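# Commentary on secondary and tertiary structure
For reference, the chains in residue letters:
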Amino acid sequence: MPFRSYQSVRQHLDALGMFHMELGLERMRRVLAALGLERPPFAVVQVLGTNGKGSTSAFLASLCAAHGCRTGLYTSPHFVSPEERIRVDGRPVPGNRWPAPASAVLEASKGGHLTYFEFLTVLALLLFREAGVDVAIMEAGLGGRNDATTAIAADVLCFTPIAMDHAAVLGPTLAHIAGDKAAAVRSSAPVCMAEQFPLAEEALRACASAKDAPLMRATPLPEDWQPRLGLAGAHQSGNAALALTAWGRLAPLLGCRPDDAEAQAQGLARAFLPGRLQLLPRTAEHPALLLDGAHNPHGMQALLRALDGEGGAPVLTSAPPAAIIFSCLGDKDWRSSAGMLRRRFPEVRVFIPALENPRAAEPAEVAAFFAALSPAPAVALNGPDALGRALTAAGRVAPEDGVTLMTGSLYLLAEFFGRYPGYLDPPSSQPEPQP
């Protein structure tokens with residue numbers, strides 16, 4: 001067997017390169033055919049879009065579980081370990097179960113290298129088949145036309161809001177990007193969509209019509225929906241509504257009632273996803289924190305609306321935040337996001353720790369951008385343990401009841417979760433607040 005341990009699988013993945021891309025679905029189709037996975041023996045939902053894919057996937061997986069379905073969930077990226085990407089009934093599939101199916105993926109590729117994402121996508125399907133899941137929720141990685149998840153036959157497609165995203169790969173305009181994502185519509189399987197920009201909706205309608213696929217807009221949740229959603233923020237109502245709309249088309253395929261109000265409420269209330277408006281208590285090691293992975297203008301807008309209490313109660317009762325920790329990738333539209341953040345909180349100190357990522361923006365450049373917009377201090381932190389020093393500095397300026405906002409990149413949150421992996425789990429298993 002080529003892989004004898006989880007570590008050897010990790011080494012192979014690392015050699016492939018997490019950010020390496022090769023467009024086209026031929027490799028995936030060949031390997032899926034060799035493994036009998038072109039049409040998996042379980043229902044498949046593909047979730048595409050720009051913002052809200054992870055949240056929508058989490059809501060839908062929780063809905064499936066609440067109705068008694070054994071559920072696989074495939075998401076990306078991971079924060080600390082690739083195990084986070086492949087879950088069955090809410091729990092990561094442990095790495096000690098990866099070597100045999102990973103060896104099967106390698107054998108099926110016959111020496112032809114799948115990319116990092118392609119390899120994990122096929123591995124997830126094998127692990128889901130081994131676990132006997134009833135349904136798998138597959139979150140697309142990038143785009144739609146050439147995304148590895150598009151090579152799999154899907155029973156339902158979900159499109160979260162489509163916005164500017166990966167323009168260097170998908171195209172320079174929203175029309176290009178929407179066209180690429182909408183191209184994932186490849187059969188007459190029903191297509192569910194959140195509210196879209198007109199150009200994006202036009203692309204989705206054209207592709208659905210060409211494949212005779214029914215297209216339906218998500219039905220908004222009632223304003224008095226109870227109990228509250230498991231994921232915070234007014235924007236999550238749209239993600240939950242999309243998941244609930246998809247559930248309506250998926251339930252009959254699973255032999256479930258699509259109108260079980262009690263199970264629906266439980267499913268949406270139990271959804272959990274780390275790094276999305278995740279509020280953490282103060283401990284001896286860090287100040288109270290609000291973590292959010294907003295890394296583009298659309299995500300930052302949702303974060304700021306949640307802080308303002310638009311559409312519901314504000315996420316923070318003691319706004320503004322006592323301090324901000326912000327880092328970003330240089331190839332993202334970070335200036336727009338940072339500008340929105342600084343204009344909303346012009347007097348709050350910002351700490352910019354260097355990220356351990358080759359794509360990271362230079363902290364001094366980010367600090368200079370903040371400084372040009374406001375006289376409030378913006379401090380660049382380089383060198384060893386930059387994040388640890390940022391947490392310490394934020395703790396010094398934050399009052400006991402203050403909350404520090406950490407945002408700008410999922411990779412910033414990944415470094416935080418690397419220090420405190422317990423926060424990747426639901427709140428019941430997280431550290432107790434400091435007395």
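Note that the coordinates shown come from a computational prediction; the quantities given were computed from them, not determined experimentally.

Let's shift gears to helix H5 (residues 116-131). Under the 1.5 Å per step criterion, the end-to-end length of H5 is 22 Å for 16 residues, consistent within 8% with the ideal 22 Å. Where H5 terminates, the next one or two residues include Gly-132, which has phi positive at roughly 70°.

Looking now at a nonpolar patch on the surface. Side chains of Met-21, Leu-23 and Val-169 sit close together on the surface and give an oily, nonpolar patch of about 260 Å² of accessible area. With respect to the secondary-structure elements, Val-169 resides in helix H6 (residues 167-170). A residue is classified by how much of its surface remains accessible, and Val-169, at 32% relative accessible area, is partly exposed.

Moving on: the pairing of strand S12 (residues 350-353). Here S12 shows a buried face lined by Val-350 and Ile-352 and a second buried face lined by Phe-351 and Pro-353. Sheet topology places strand S11 (residues 323-326) next to S12; 2 bridges connect them, and they run parallel. Across the sheet, residue Ile-324 finds its bridge partner in S12, namely Val-350. As paired elements, S12 and strand S13 (residues 378-381) share 4 bridges and run parallel to each other. Paired with Pro-353 across the two strands is Leu-381, which belongs to S13. Handedness of the S12-helix H13 (residues 363-373)-S13 crossover: right-handed.

In contact at an axis separation of 8 Å, helix H3 (residues 53-66) and helix H9 (residues 236-250) are set at 45° when each is read in the N-to-C sense. Relative to H9, the element H3 lies oblique. For the pair H3 and H9, the sense of crossing is right-handed. Between H3 and H9, the contacting residues are Ser-55, Thr-56, Phe-59, Leu-60, Leu-63 and Cys-64 on the first element and Gln-236, Asn-239, Ala-240, Leu-242, Ala-243, Leu-244, Ala-246, Trp-247 and Leu-250 on the second. Considering only residue class, the contact of H3 with H9 consists of 11 nonpolar, 4 polar and no charged.

A residue-level look at the chain finds 96% of positions with pLDDT of 70 or above and a mean pLDDT of 93. Here residues 429-435 scores under 50 on pLDDT; set against residues more than four positions off or in separate chains, the count is 16 contacts.

A separate point is the pattern of salt bridges. Counted under the stated rule, the structure contains 14 salt bridges. Put simply, Arg-39 and Asp-155 hold a salt bridge, and the shortest N to O gap is 3.0 Å. Residue Arg-39 is located in the loop between helix H2 (26-34) and strand S1 (43-48), and its partner Asp-155 is located in the loop between strand S5 (135-139) and strand S6 (156-159); the two are separated by 116 residues in the primary sequence. Asp-155 sits in the buried class, given a relative accessible area of 19%. The residue Asp-259 makes a salt bridge to Arg-257 at a minimum N-O spacing of 3.2 Å. Accessibility assignment for this pair places Asp-259 and Arg-257 in one class, exposed.

Rules and cut-offs
- Residues numbered from 1 in each chain as written.
- Predicted model: local features only at pLDDT ≥ 70, side-chain atom pairs only at ≥ 80, totals over all residues.
- Heavy atoms only, no water.
- Helix = DSSP H or I, 4+ residues; strand = E, 2+ residues; numbered from the N terminus.
- Expected span 1.5 Å × (residues − 1).
- Patch = residues over 30% accessible without salt bridge, like charges linked within 9 Å, V, L, I, M, F, W, Y side chains within 5 Å.
- Areas by Shrake-Rupley, 256 points an atom, 1.4 Å probe, with all protein chains shown as cover.
- Salt bridge = Lys/Arg side-chain N within 4 Å of Asp/Glu carboxyl O.
- Buried < 20%, exposed > 50% of the residue type's maximum accessible area, 1.4 Å probe, protein only.
- Pairing = 2+ DSSP bridges.
- Right-handed = clockwise from strand over helix to strand, strands pointing away.
- Axes fitted to C-alpha atoms, helices over the stretch in contact; angles between N-to-C directions.
- Parallel < 35°, antiparallel > 145°, perpendicular 65-115°, else oblique.
- Left-handed = near helix turned anticlockwise from the far one by under 90°.
- Contact = heavy atoms within 4.5 Å.
- Nonpolar A, V, L, I, M, F, W, Y, C, P; charged D, E, K, R; others polar.
- pLDDT = per-residue confidence, 0-100.

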